[in-house]
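Analysis of the macromolecular model
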Amino acid sequence: MPERQHVSLFGMAIDRLTLAQATDRVLDWCAAAPPSRCRYVVTPNVDHVVMHRARRDLRQAYAQAAMVLADGAPLVAASRLLGQPLPERVAGSDLTPAVLASAGAAGRPPLRTFLLGAAPGVAEIAARRIAGRHPMVEVVGVHCPPLGFEQQPAATNEALAAVAAAQPDLLIVGLGAPKQELWVSEHHSRLEAKVALCVGATIDFLAGHKRRSPKWMQRSGLEWAHRLASEPGRLASRYARDAWVFPQIVWQEWRRGSTPGAQA
């Protein structure tokens, strides 16, 4: 396995990878022998950076991740401003379909996949759509844990048992941040999957239950505006907080980097 190439920003080790490179790495892990503990991937955006700064448990979860990918145009722009450029944004909602679409290509084996999360019935719809679009992907199980399951040992054990019974190569986790990162980090030694992707609303997108922004908005870094217009009650206060705090974090990073003798 090649040495991990990353940049150190916002207290995170963010992998310097393109979408194509990240896709290949996930598929390589899925084709390899099972690791001693599940490798997991996190995709921080601006909101995650703000939470990461305030929460020690989230910092620990990110530190244990096998791959950290910048899901957000502001993070990529900040990396260039701070002299540690990332090649491009790699969103979880782009990585997941890219991995599914590449399964079985170029001599790769079929991919056994499990969907964990989303609202009741949504993962089943996503599984049917995946089967119709990706013949080299087998959805070997779905599980929708109850609200607050992460605080209930019996419900957590039920979720872990469902994954263990299916023995997937790839576990797609859609529990929302930071719950998914914290839960996977806490239990990745017991998760019997080769790789877990912590990817938020991606199962909803795969099911067609939620719509992503148009491609031009994604390319222009305006996907946040589409999300805000779609869910203003849930996101307005969060985005207002992040718009205030994130520039301060970037400024502090710049000050540290520009101070003689400061650590990079």
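Residues numbered from 1 in each chain as written. Predicted model: local features only at pLDDT ≥ 70, side-chain atom pairs only at ≥ 80, totals over all residues. Heavy atoms only, no water.

**What to know about the overall build of the protein**
Under the convention used in this document: Numbering of helices and strands starts at the N terminus; helices are DSSP runs of H or I of at least 4 residues and strands are runs of E of at least 2. When accessible area is computed with a 1.4 Å probe and restricted to protein chains, residues below 20% of their type maximum are described as buried, those above 50% as exposed, and intermediate ones as partly exposed. Whether two residues are in contact is decided by their heavy atoms: any pair within 4.5 Å suffices. Note on areas: these come from Shrake-Rupley sampling with a 1.4 Å probe, and a residue is covered only by the protein chains present in the view.
Looking only at helices and strands, one finds twelve helices and eight strands in the protein. Expressed as a percentage of its 264 residues, the buried residues of the protein come to 47%. Counting contacts in the protein only where the partners sit at least 6 residues apart, residues at least 24 apart contribute 74% of the total. Total accessible area on the protein stands at roughly 12,700 Å², and carbon and sulfur atoms take up 55% of it.

**So, the sheet that holds strand β8 (residues 195-198)**
In plain terms, the rule: Strand pairing is defined by DSSP finding a minimum of two bridges between the two strands.
Taken together, six strands build an open sheet; the order of strands is β4-β3-β8-β7-β5-β6 and the sheet is parallel. Across the chains shown, the open sheet's two edge strands, defined by having one partner strand only, are β4 (67-68) and β6 (137-143). Bridging between strand β5 (residues 111-117) and strand β7 (residues 170-174) involves five bridges; their strand directions are parallel. When the bridges of β7 are listed, G117 appears paired with G174.

**A closer look at the pairing of strand β2 (residues 12-15)**
Of the pairings in the sheet, the one linking strand β1 (residues 6-9) to β2 comprises four bridges and is antiparallel in character. Bridge pairing links S8 to A13 in β2.

**Concerning helix α4 (residues 73-81)**
In plain terms, the rule: In this description, one arc is meant: the one made by directions from the helix axis to the C-beta atoms.
When α4 is considered as a whole, its buried residues turn out to be L75, V76, A78 and S79. The arc enclosing the buried residues of α4, seen along the axis, measures out at 165 degrees, which places them on a common side. One or two residues past the end of α4 sits G83, with phi positive at roughly 75 degrees.

**Remarks on unusual backbone geometry**
For the bond from A177 to P178, the omega torsion is 0 degrees, close enough to zero to count as cis. Note on placement: P178 falls in the loop between β7 and α8 (179-187). The backbone phi angle of A118 is positive, close to 70 degrees, even though this residue is not glycine. Position of A118 relative to the elements: it lies in the loop between β5 and α6 (122-133). By relative accessible area, A118 is classed as buried at 19%. Residue Q167 is not a glycine yet carries a positive backbone phi of 50 degrees. With respect to the element layout, Q167 can be found in the loop between α7 (153-166) and β7.

**With respect to the nonpolar core**
Operational definition: Among buried residues, the Ala, Val, Leu, Ile, Met, Phe, Trp, Tyr and Cys ones that are joined through side-chain atoms within 4.5 Å form a nonpolar core.
Ranked by internal contacts, the top residues of the largest apolar core, which has 44 residues, are F10, I14, L171, W183, V184, L191 and F246. Ranked by residues supplied to this core, first place goes to α7 with five residues. The contact partners of V184, leaving out residues within four places of it in the chain, are Y40, V173, L191, A196 and C198. In terms of nonpolar packing, the next biggest core, distinct from the first, is built from 31 residues, L115, A126, L170 and A207 among them.

**Examining the packing of helix α2 (residues 46-54) against helix α3 (residues 56-64)**
Heads up, the rule is: The axes used here are C-alpha line fits, helices contributing only the stretch in contact, and every angle between their N-to-C directions lies in the interval 0 to 180 degrees. What sets the label is the angle itself: under 35 degrees gives roughly parallel, over 145 gives roughly antiparallel, 65 to 115 gives roughly perpendicular, and the rest give oblique. Helix crossings are classified by the rotation of the near helix relative to the far one: an anticlockwise turn of less than a right angle makes the crossing left-handed, while a clockwise turn makes it right-handed.
At a minimum axis distance of 6 Å, the contact between α2 and α3 shows a crossing angle of 115 degrees. Of the possible angle classes, the one that applies to α2 and α3 is roughly perpendicular. Judged by the twist between their axes, the crossing of α2 over α3 is left-handed. Mapping the contact onto sequence places H48, M51, H52, R53 and A54 in α2 and R56, L58, R59 and Y62 in α3.

**Some details on the side chain of E253**
Our working definition: What qualifies as a polar contact is a pair of N or O atoms within 3.5 Å, subject to a donor-acceptor requirement within protein and to the restriction that residues adjacent in sequence count only when both atoms come from side chains.
The topology assignment puts E253 in helix α12 (residues 232-258). Polar contacts involving the side chain of E253 include one to the side chain of R256, which spans 2.9 Å. Ignoring any residue separated from it by four or fewer positions in sequence, one finds E253 in contact with S8, L9, F10, G11 and L82.

Honestly, it's all geometry; don't read function into it.
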